Amino acid sequence: MSQSTSNHELFENLRLELRRGCLSLAVMSQLRTERYGYTLRKALAEQGLEIDESTLYPLLRRLENQGLLTSVWREEEKRNKRFYRLSPEGKLMLKQLGTEWQKINATLEGIL
Amino acid sequence: MELLNRYLHAIEFWLPKRQRHDIIAELSEDLRSQIEEKESQLGRKLEDGELEAILKRCGSPLTVALRYLPQQYLIGPTLFPIYRFVLAMIVLGCVVPRVLIWLGFLIADPAHSGSMHMENLWMTVVYFAFFTTLAFAVVERSGVRFEDLNTWNPRKLPPARDPNRIPRFSTLCEIAVNTIFLVYFINLFWPRPVIDLYGATISLAPVWQFFFACFVVLAAVNTAFAAANLLRPYWTPLRASLRLLTDVLGGMLLCWLLKAHVLVGIIAPSLSATKAIVVTNLVNLGMTIALPWCIVFVIVILGVNGYRVVRLWRANRTGRPNAPALNDLSNPMVNGN
């Protein structure tokens, strides 16, 4: 394995690690209004945060199990879709995480 | 859409039964939305290759399914380092003694080395490894909480050991043992063909004089080394190499002595001539039997000392400190005390 390949792999691993923690926050922020999975992915992608389906749906399921999201199946455009939105606990958590994010961001801005 | 159905079916296989329908319905909806969007962009139905590209980008069925499953492990991250350590100790405890004994017999008595049943060794290792793994898996499943992880006290941690420091106590013991050995040995076994010992007359082979001289020289050299270690209680590559050399020479001499049938005869007032021959033969036989064990002992010493030499020389060559960095904490040059 060449040095550049291993550096690239290392970068990818670190990048994914960095991204992983931010995804929950990003997803929760987009679910202040009700959305289903596909439109949620598109909304995030339009703002520069691509997320594939095999990452998003397990994450939504986890957040729902933690009581931060609520979901409901509903028919739209002749197809059944599962709509998600933030629960009251989720709104509170989003506020706390948002504050924490601002702090981390400000600190890192200073450091970097 | 046949490809899509096959893809979803393959994912479904790996999913937990209760959530299967829900997950597949949601994933299916997402993929159908993607396909529809692409078709409306192109103004035609997707070809198989284009559909295949969408599914490939989504990931292999197993990868996708695994992301929905909870993280599962036989032995969790808390127990795993302990498990690995115990497993290594058990496997080493099984393998090392048997291999050493086998080697000892192979060198000293090749005819009997086959009776060590080395073919059973691997089965023994597998059994031990299996039952160790099983025991740890049961502990993991039982959800035992290790209170020590939360209630630990730094004062109760074992003291940090410096592998390069020669303990003063062991050096003093070494000097004492070597001195006593020298005095006792020279007094009792001054090299002559016949020795009077506690009323018995022991006849020794002429080669005994050579062994005697070698053991005396080795004991004297070891005493001198120990004295040097007392003044500078740290291993250096040179000192470790000399220790390896003297230990190997001593071990080899002992092995040779056991094989040399050095006892020629015993005469004692209470011992008949026939019995004296039997005792002489028994002593020589005992020494021969002890030979493989002595070889094992020499191999162990060679391993321990050899490892130390290699470690010190390697550290010396690479320029890294040959003692752990934490030793620097007690070094006033480093911490500024």
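Residues numbered from 1 in each chain as written. Chains lettered and ligands numbered in written order. Predicted model: local features only at pLDDT ≥ 70, side-chain atom pairs only at ≥ 80, totals over all residues. Heavy atoms only, no water.

### Comments concerning the sheet that holds strand E2 (residues 200–204) of chain B
Residue and element names in this part refer to chain B.
Phase 1 of the analysis: Taken together, 3 strands build an open sheet; the order of strands is E1-E2-E3 and the sheet is antiparallel. Each edge of the sheet is formed by a strand with only one pairing partner; in this case those strands are strand E1 (194–197) and strand E3 (263–267). Strand after strand, the sheet turns through a mean of 20° between neighbouring axes, direction not considered. (Pairing = 2+ DSSP bridges. Helix = DSSP H or I, 4+ residues; strand = E, 2+ residues; numbered from the N terminus. Axes fitted to C-alpha atoms, helices over the stretch in contact; angles between N-to-C directions.)

### Regarding the interface of chain B and chain A
A common measure of how large an interface is: the accessible area buried when the components associate.
Phase 1 of the analysis: Taken residue by residue, the interface counts 19 residues in chain B and 18 residues in chain A.
Phase 2 of the analysis: In this assembly, chain B packs against chain A so that about 1700 Å² is buried in total across both faces, 43% of it on carbon and sulfur atoms.
Phase 3 of the analysis: Together, B:Glu26, B:Glu29 and B:Arg67 form the three largest contributors to the area buried by chain B at its contact with chain A, with a combined 35%.
Phase 4 of the analysis: Remark: the boundary between chain B and chain A carries 11 salt bridges.
Phase 5 of the analysis: Here B:Glu37 makes a salt bridge to A:Lys42, at a shortest N to O gap of 2.5 Å. (Contact = heavy atoms within 4.5 Å. Buried area = accessible area lost by both parts, 1.4 Å probe. Salt bridge = Lys/Arg side-chain N within 4 Å of Asp/Glu carboxyl O.)

### A look at the environment of B:Tyr7
Residues and elements named next belong to chain B.
Phase 1 of the analysis: Structurally, the position occupied by tyrosine 7 is in helix H1 (residues 2–14).
Phase 2 of the analysis: Tyrosine 7 sits 45 residues away from glutamate 52 along the chain, and the two C-alpha atoms are 9.7 Å apart.
Phase 3 of the analysis: For tyrosine 7, the residues in contact, after removing those within four places along its chain, are Leu31, Leu55, Cys58, Gly59, Pro61 and Val64.
Phase 4 of the analysis: Within the structure, the side chain of tyrosine 7 is placed 2.5 Å from the backbone oxygen of glycine 59, a separation counted as a polar contact. (Polar contact = N/O pair within 3.5 Å; in protein donor to acceptor, adjacent residues only side chain to side chain.)

### A few points about unusual backbone geometry
Glycine aside, the phi torsion of most residues is negative, and most peptide linkages are trans.
Phase 1 of the analysis: A positive phi angle, close to 65°, is found at A:Lys78, a residue other than glycine.
Phase 2 of the analysis: Along the chain, the position of A:Lys78 falls in the loop between strand E2 (69–76) and strand E3 (79–86).

### Concerning the sheet that holds E3(A)
Phase 1 of the analysis: As summarised here, the arrangement of the 3 strands in space is E1-E3-E2 (chain A), forming an open sheet in which the pairing is antiparallel. Each edge of the sheet is formed by a strand with only one pairing partner; in this case those strands are strand E1 (35–36) and E2 of chain A.
Phase 2 of the analysis: Pairing geometry for E1(A) and E3(A), over 2 bridges, is antiparallel. Bridge pairing links A:Arg35 to A:Tyr84 in E3(A).
Phase 3 of the analysis: Along the sheet, helix H2 (residues 17–42) of chain B contacts E1, E2 and E3 of chain A; its crossing angle with E3(A), the most-contacted strand, is approximately 105°.

### Focus on the packing of aromatic side chains
Phase 1 of the analysis: Under the criterion given, the structure shown has 9 aromatic pairs over all chains.
Phase 2 of the analysis: With a centroid separation of 5.0 Å and 85° between ring planes, the pair formed by B:Phe13 and B:Trp14 is classed as edge-to-face.
Phase 3 of the analysis: The exposure class assigned to B:Phe13 is exposed, which follows from its relative accessible area of 59%.
Phase 4 of the analysis: Among the aromatic residues, those joined into a cluster by ring pairs are B:Phe80, B:Tyr83 and B:Phe136.
Phase 5 of the analysis: If you follow A:Arg74 out to its NZ or CZ, it ends over the ring of A:Phe83, 4.2 Å from the centre.
Phase 6 of the analysis: The ring of B:Trp235 is capped by B:Arg308, whose NZ or CZ atom sits 3.9 Å from the centre of that ring. (Phe/Tyr/Trp six-rings, centres within 6.5 Å; stacked < 30°, edge-to-face > 60°. Buried < 20%, exposed > 50% of the residue type's maximum accessible area, 1.4 Å probe, protein only. Lys NZ or Arg CZ within 6 Å of the ring centre and 35° of its normal.)

### Examining the pairing of E2(B)
Residue and element names in this part refer to chain B.
Phase 1 of the analysis: Judged by which residues are buried, E2 turns out to be one-sided: Ala200, Ile202 and Leu204 face inward and are buried, whereas Thr201 and Ser203, on the alternate face, are not.
Phase 2 of the analysis: Here E1 pairs with E2 via 4 bridges, running antiparallel. From the neighbouring strand, leucine 197 faces E2, where its bridge partner is alanine 200.
Phase 3 of the analysis: Taking the residues that link successive antiparallel strands as the turn, the E1-E2 hairpin has 2 residues, and the phi of tyrosine 198 there is positive, at about 50°.
Phase 4 of the analysis: With 4 bridges joining them, E2 and E3 adopt antiparallel strand pairing. Its bridge partner lying in E3, threonine 201 is registered against isoleucine 267.

### Examining a nonpolar patch on the surface
Residue and element names in this part refer to chain B.
Phase 1 of the analysis: Taken together, Met123, Tyr127, Phe130, Phe131, Leu134 and Val138 make up a surface patch of nonpolar side chains, about 630 Å² in accessible area.
Phase 2 of the analysis: Following the sequence through the fold, phenylalanine 130 ends up in helix H7 (residues 119–142).
Phase 3 of the analysis: Look at phenylalanine 130 and you get partly exposed, because its relative accessible area is 46%. (Patch = residues over 30% accessible without salt bridge, like charges linked within 9 Å, V, L, I, M, F, W, Y side chains within 5 Å. Areas by Shrake-Rupley, 256 points an atom, 1.4 Å probe, with all protein chains shown as cover.)

### A short note on the nonpolar core
Phase 1 of the analysis: Judged by nonpolar contacts, the single largest core of 37 residues is most densely connected at A:Val27, A:Leu31, A:Leu60, B:Ile11, B:Leu27 and B:Leu31.
Phase 2 of the analysis: Listed by contribution, the elements that provide at least two residues to this core are helix H1 (3–30), helix H2 (37–46), helix H3 (53–65) and E3 of chain A together with H1, H2, helix H3 (48–58) and helix H4 (61–68) of chain B.
Phase 3 of the analysis: Non-local contacts of B:Ile11, meaning those with residues more than four positions away in its chain, are made with B:Ile24, B:Leu27, B:Pro61, B:Val64 and B:Ala65.
Phase 4 of the analysis: Core analysis: the next-biggest nonpolar cluster, separate from the first, contains 28 residues, B:Ile195, B:Ile202, B:Val216 and B:Ile266 among them. (Core = buried A, V, L, I, M, F, W, Y, C linked by side-chain atoms within 4.5 Å.)

### Overview of the pattern of salt bridges
Phase 1 of the analysis: All chains considered together, the criterion is met by 19 salt bridges over all chains.
Phase 2 of the analysis: A:Arg61 is the partner of B:Asp22 in a salt bridge, and the nearest nitrogen-oxygen pair spans 3.4 Å. With B:Asp22 in helix H2 and A:Arg61 in helix H3, this pair bridges two chains. For the residue pair B:Asp22 and A:Arg61, the accessibility class agrees, reading buried in each case.
Phase 3 of the analysis: Linking A:Arg82 and A:Glu64 is a salt bridge whose minimum nitrogen-to-oxygen distance equals 3.1 Å. Of this pair, A:Arg82 sits in strand E3 while A:Glu64 sits in helix H3, and the two are 18 residues apart along the sequence.
Phase 4 of the analysis: One network of salt bridges, with partners in common, ties together A:Arg61, A:Glu64, A:Arg82, B:Asp22 and B:Glu26.

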